[in-house]
Amino acid sequence: MATGTASHKATGDVEPFQVVIAGSVDHGKSTLLGRILLDCKQIPNDIIQNVRQLCTKQNLPIQPSFFLDAFKEEQEQNITIDTTCVCFKYAEKRFVFIDVPGHLDFLKNMTTGASKAELGLLLIDVNEGFRTQTLRHIKMLALLGLHEIIVAINKLDTVNYRKRDFIHLAEQVKMIIHKEGLRCDAIIPIVALTGENVFNVSSYMSWFHGKALIPTLATTAAKRARTCTNLPANFRMILQDIYFFDNIRRFAGRVISGRVKNGDRILFSPSGKMAKILKIERWTKKNAGIAQAGDSVAFQLEEQIFVERGEIVSAPDESPTTETILGAKIAWFGNAPFQAQTTYILKIGTAEVHCHIELLKADTQKLTNGSFANILIHCARPIAFDVAPDASSINRLVICSTHETVAAGVTSPYITRRKTTKKFLTSDYNIKQESGYITRSEHEKIHRGAVIWLTGLSGAGKSSLARALERSFHNQGRKVIALDADNLRADLCADLRFSPQDRAENVRRIAHVAKLFLNTGFIVIVACISPYSADRETARTIIGANDYFEIFVYCPLETCRQRDPKKLYARAAAGQIRDISGISAPYQIPRNPALRLDTSTQTISEEVERINRLIRLHTKNHELKLSRK
Amino acid sequence: MRNYLNYLENQSIFIIREAYSKIRNSAILWSMGKDSTVMLHLVRKAFMGHCPLPLVHIDTGYKIPEMIEWRDAYVKKHNLRLIIGQNNKARSAGMSPEKGRLICCGALKTTALIETIRAHKIQGLFVGIRRDEEGSRSKERIVSPRTNSNTWSYKNQPAEIWEYYNLHVPPNIHVRIHPILHWNEIDIWHYIRKEKLEIMPLYFSRNGRRYRSLGCAPCTADIRSNACTVDGIIAELYATKASERAGRAQDKADTHAMQKLRSFGYM
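Please read all numbers here as calculations on a predicted model, not as lab measurements. (Residues numbered from 1 in each chain as written. Chains lettered and ligands numbered in written order. Predicted model: local features only at pLDDT ≥ 70, side-chain atom pairs only at ≥ 80, totals over all residues. Heavy atoms only, no water.)

> I'm lost on the interface of chain A and chain B in this one. Help?
When the parts come together, some accessible area is lost, and that loss is often what is quoted as the size of the interface. If you look at the interface, chain A gives 84 residues, while chain B gives 66 residues. Overall, the association of chain A and chain B removes approximately 6500 Å² of surface from exposure, summing both partners, and the carbon and sulfur fraction of that is 53%. Taken together, the links from chain A to chain B amount to nine salt bridges. Linking A:Glu73 and B:Lys155 is a salt bridge whose minimum nitrogen-to-oxygen distance equals 3.8 Å. Tallied by class, the residues present in the side of chain A that touches chain B amount to 29 nonpolar, 29 polar and 26 charged. (Contact = heavy atoms within 4.5 Å. Buried area = accessible area lost by both parts, 1.4 Å probe. Salt bridge = Lys/Arg side-chain N within 4 Å of Asp/Glu carboxyl O. Nonpolar A, V, L, I, M, F, W, Y, C, P; charged D, E, K, R; others polar.)

> Just checking my understanding: could you explain the domain arrangement of chain B for this structure?
All names here are of chain B. When cut into domains, chain B gives domain 1 (2-184 + 254-263) and domain 2 (186-251). Centre-to-centre, using C-alpha coordinates, domain 1 lies 20 Å away from domain 2. Contact with domain 1, which involves 40 residues of that partner, is made by 31 residues of domain 2. For the pairing of domain 1 and domain 2, the buried interface totals around 3100 Å² over both sides, and the portion due to carbon and sulfur atoms is 62%. Here domain 1 is connected to domain 2 by six salt bridges. The salt bridge involving arginine 245 is made with glutamate 133; its shortest N-O contact spans 3.7 Å. Counting across the domain 1 and domain 2 interface gives 13 residue pairs in polar contact (both at pLDDT 80 or more). Elements that contribute at least two residues to the side of domain 1 that touches domain 2 include exactly α1 (4-22), α2 (34-46), α3 (65-78), α5 (101-119) and α9 (257-263). (Domains from an automatic or database assignment. Polar contact = N/O pair within 3.5 Å; in protein donor to acceptor, adjacent residues only side chain to side chain. Helix = DSSP H or I, 4+ residues; strand = E, 2+ residues; numbered from the N terminus.)

> How should I be thinking about the nonpolar core in this particular structure?
Side chains of a nonpolar character, in soluble globular proteins, are inclined to be buried together. Core analysis: the largest hydrophobic core is formed by 196 residues, its most contacted members being A:Phe97, A:Leu346 and A:Ile399. The element contributing the most residues to this core is α1(B), with ten residues. Each of domain 1 (2-184 + 254-263) and domain 2 (186-251) of chain B contributes no fewer than three residues to this core. Discounting residues that sit within four places of it in the chain, A:Leu346 has contacts with A:Leu326, A:Ala351, A:Glu352, A:Val353, A:Cys355, A:Ile377, A:Cys379, A:Ile383, A:Leu397, A:Val398 and A:Ile399. (Core = buried A, V, L, I, M, F, W, Y, C linked by side-chain atoms within 4.5 Å. Buried < 20%, exposed > 50% of the residue type's maximum accessible area, 1.4 Å probe, protein only.)

> What's the story with the sheet that holds strand β10 (residues 265-269) of chain A in this structure? I'm lost.
Strand pairing in a sheet relies on backbone hydrogen bonds. The paired strands run either parallel or antiparallel. Read around the closed barrel, the six strands follow the order β7-β8-β13-β11-β10-β14 (chain A); overall the barrel is antiparallel. Ignoring strand direction, the axes of neighbouring strands in this sheet form an average angle of 50°. As paired strands, strand β7 (residues 236-245) of chain A and strand β14 (residues 312-314) of chain A are joined by three bridges and run antiparallel to one another. Residue pairing across strands places A:Arg236 opposite A:Ser314, the latter belonging to β14(A). The strands touched by α1(B) within the sheet are β7, β8 (248-257) and β13 (296-301) of chain A, with β7(A) carrying the most contacts at an inclination of about 60°. (Pairing = 2+ DSSP bridges. Axes fitted to C-alpha atoms, helices over the stretch in contact; angles between N-to-C directions.)

> Any chance you could explain empty space enclosed by the protein here in plain terms?
Residues and elements named next belong to chain B. Scanning the model with the defined rule gives seven cavities of 30 Å³ or more in all. Empty space within the largest cavity amounts to approximately 420 Å³. Contributing to the lining of the largest cavity are 25 residues, with Ser31, Arg137, Leu214, Arg248 and Met267 lying nearest its centre. Within the residue set of the lining of the largest cavity, elements represented by two or more residues are α2 and β2 (55-58). Tallying contributions element by element places α2 first for the lining of the largest cavity, with three residues. (1 Å grid on protein atoms, 1.4 Å probe; cavity = no way out; pocket = protein on both sides within 12 Å on 5 of 7 lines; lining within 4 Å. Points joined across faces, edges and corners; volume = space filled by probe spheres on them.)

> Would you mind going over the packing of α2(B) against α3(B) with me for this structure?
The axes of two packed helices give the description: the angle between them and the distance between them. Residues and elements named next belong to chain B. Between α2 and α3, the shortest axis-to-axis distance is 14 Å and the interhelical angle comes to 5°. The orientation of α2 relative to α3 falls into the category roughly parallel. In this structure, α2 contributes Thr37, Leu40 and Arg44 to the contact, and α3 contributes Trp70, Tyr74 and His78. In the contact of α2 with α3, the residues fall into three nonpolar, two polar and one charged. (Parallel < 35°, antiparallel > 145°, perpendicular 65-115°, else oblique.)

> How should the pattern of salt bridges be read in this particular structure?
It is possible for side chains of opposite charge to pair when their charged atoms get near one another. Applying the stated criterion across every chain, the model contains 58 salt bridges over all chains. Between B:Lys194 and B:Glu195 there is a salt bridge, with its nearest N and O atoms 3.1 Å apart. Since its relative accessible area comes to 34%, B:Lys194 is described here as partly exposed. Exposure remark for B:Glu195: the relative accessible area of 18% places this residue in the buried category. Taken together, the shared-partner salt bridges connect A:Arg282, A:Asp295, B:Glu9, B:Lys45, B:Lys194 and B:Glu195 into one network.

> I would appreciate a short explanation of the pairing of strand β23 (residues 523-527) of chain A in the present structure.
In summary, the side chains of a regular strand alternate between the two faces of the sheet. All names here are of chain A. Counted residue by residue, β23 has five buried out of five residues, so it is predominantly covered. Across the two faces of β23 the burial is the same, with Ile523, Ile525 and Ala527 and Val524 and Val526 all buried. Sheet analysis places strand β21 (residues 450-455) next to β23, joined by five bridges and oriented parallel. Opposite alanine 450, over in β23, you have isoleucine 523 as the bridge partner. Sheet analysis places strand β22 (residues 480-484) next to β23, joined by five bridges and oriented parallel. Its bridge partner lying in β23, isoleucine 481 is registered against valine 524.

> Is there a simple way to explain the pairing of strand β18 (residues 371-385) of chain A in this structure?
Residue and element names in this part refer to chain A. With eleven bridges connecting them, strand β15 (residues 321-332) and β18 associate as antiparallel partners. Across the sheet, isoleucine 325 pairs through a bridge with histidine 378, a residue of β18. Sheet analysis places strand β17 (residues 351-362) next to β18, joined by seven bridges and oriented antiparallel. Its bridge partner being in β18, leucine 359 is matched across the sheet by isoleucine 375.

> Which parts of the structure should I look at to understand the environment of B:Arg141?
Checked against the element boundaries, B:Arg141 lands in the loop between α6 (135-138) and β5 (143-145). The contact partners of B:Arg141, leaving out residues within four places of it in the chain, are A:Asp82, A:Thr83, A:Asn109, A:Thr112, B:Gln157, B:Pro158, B:Glu160, B:His178 and B:Leu181. Only 2.8 Å separates the side chain of B:Arg141 from the side chain of A:Asn109, close enough to count as a polar contact.

> Where do I start with the packing of helix α12 (residues 500-519) of chain A against helix α13 (residues 533-543) of chain A in this structure?
Residue and element names in this part refer to chain A. For the pair α12 and α13, interaxial distance at closest approach is 9 Å and the crossing angle is 25°. One element, α12, and the other, α13, form an angle in the roughly parallel class. Here α12 runs over α13; the crossing is right-handed. Contacts from Pro500, Arg503, Ala504, Val507, Arg508, Ala511, His512, Ala514, Lys515 and Leu518 in α12 reach Asp535, Ala539, Ile542 and Ile543 in α13. When grouped by side-chain class, the residues that make up the contact of α12 with α13 number nine nonpolar, one polar and four charged. (Left-handed = near helix turned anticlockwise from the far one by under 90°.)

> Looking at this model, I keep getting lost on the confidence of the model for chain A. Mind explaining?
Any residue range with low pLDDT should be treated as having predicted coordinates unsuitable for detailed reading. Confidence along chain A averages 88 in pLDDT terms, with 92% of residues attaining 70 or more. Across residues 1-13 of chain A the pLDDT falls below 50, and counting only partners more than four positions away or on other chains, this stretch makes 69 contacts in the model. (pLDDT = per-residue confidence, 0-100.)

Written as structure tokens, this is what we have:
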């Protein structure tokens, strides 16, 4: 059972470090945790007395696992059915240990526990070695977003503390963990039942030169705390509800990452609505002024807008992706296997949408309890999400049938498949495409073409950079052309405005023009805000991913506003124009640009040099290929 | 540095808001004890000082009289809506702990609770239990459904991944919502101190004795203690070697007594 009478000395410290103890059934997970609690004298005397009586009744010596396995059925069958966690303090650091079942039947309970963890502690019985469930737990930890696993090889007493047995298994385990993309910095031989190498180094295994288990965990926790605080993160809040108490409308939710303060402009996704924060509240504080990652807050807005639960709140220039199709990696643990025709419910943040699932790749033929898969999710309406590997972004999802959560996973990069206009035209208007002209490879005898796509806010420095780049390539004797979206809006795109649809069409036309030049061996420089990631993906598809170089021309909104070369921001502030990306319309930051330039800190010549280097590499590979021919 | 109590509070408020946004017809189970009083305070925090939900108190008729006085004064002072649930049939038939502790708890608490839930069509019940109290509670989910016969299928609990809670409630069943499941006993007292909460006086020492956990008079023992302030209680908890519910007789009526009680719908 979980006890914690004297678990921590002071309450002035930070969030606990959550460790899940994973591994196959009977490898000693609950026993280890019970042993830890006993050794740090954390279990009240009367509880120890109860467990002792229970064990005596069953003619057993005292079972440390009984402190965790509280259910009658668990104790009788010596198996963990459901997860629990216990709080424990060591070296001034607060830990939460999560006990999970090892048996495949209880995988959903294992996932429930493991989803709260930051670190996996994998337990392996030295006699049994690597089991199917061991591998499944490693895969699950990787899927849930953990980066690192520490391994404890248990029951060394049963092999006479032999070094050979340990080393043999340790090498195998390390390889498998690395294969799943996880780090494994420590493998420790232990005896959970008696506590050898748990708190203190064991005299039975003097051949082992590493630290004991708990000190190793403490070091990892300290390292993690240091790296976590250094990570910058975009502001994200999930909207839970809108309250109307005391005649005031308040927007309640939880900050997932970053921070926000009174007076900030915010964007709601997927609705695309924008507003300004009047004040952030945290009862009993009427005006908290600021909110940061982890905070449950409520805020009032300056303007009255209508939004509902399910939106993601962000800064206007750092919005999440909004799509109806998304890719994901999932683990299935539903009682019923996956069915292609079924409508499921997708949950991301507080949003819930009906969806259909398309199976791309799975490790088993049928998706059943314990299967892992790559999928495409087709949603009934747009949903907002992040596609980034870090846990601070909103990339975690679950899939539910009517009353049951059947799968969990994370979003994965996926290039939207769209019906191309080319297909549409040829089939509907019976247009036949002519061939026989000079081919691209003939054009590229001189040098290889490329498209350098500069995306960023107005005032970030795209046009200036495009001019400098064009000059630089020209001086190197390359065929080059700069396509400035602002100029094209005067002619080719004169019929277009700034609605999301028009912006998409604008990008599509520019991409096709760029493609024409690319095919004649040109280096094409495009300067275009292109604020929606879906539109940029369209450009990538039209141009071809190999020749498309997305350059994120970043500059803080404040600096853009100060530069304001076209006086757009000033006119927007005066209420003369609408739909300014980053202010009153979204700008979705590129997740995987070929380069990210910060024009507020770098000079133009530095930026030109970085892009030059990138393109040189691209053309050099091409020339190498040519010379080999 | 972010405070640990803030961390706990943020998590609890998130849970309360999630449940309220999905299940409006819910209620707060309030025993007037320290835990459910902290939970009530967290509800007020979630709703900017308001308590939009009614409270439910299950009155067995065996409560310590002082508790009832304190309850009525508190409800009046904070302008709360209180539903009192009682199993009058069992009480008039003379149900008492002498008939068997588990039988008595089952009739006067579980049955009374289930009848109240049914009568008021409650779909979500906020319950202030904590993992560190007792074994079967340690295995709970934050959002825990009861079957249509109000039992807890503890051998087949739903998945609860990250902070995604299953709040789609089919008609005729109710879910238990446990917003302070992740708190420990000592966190509760640190929080009471930080927020300066009003707490039932029985927790504080009088004549060298106090209650560490409150229940029905016949089945709850007080402990020897000189802690007459919140600070005193916190200091005592760091030193003690006894468990919180050592004075609760029903826990010891049988092996796995609480598991049995709770599988039938006990809180």
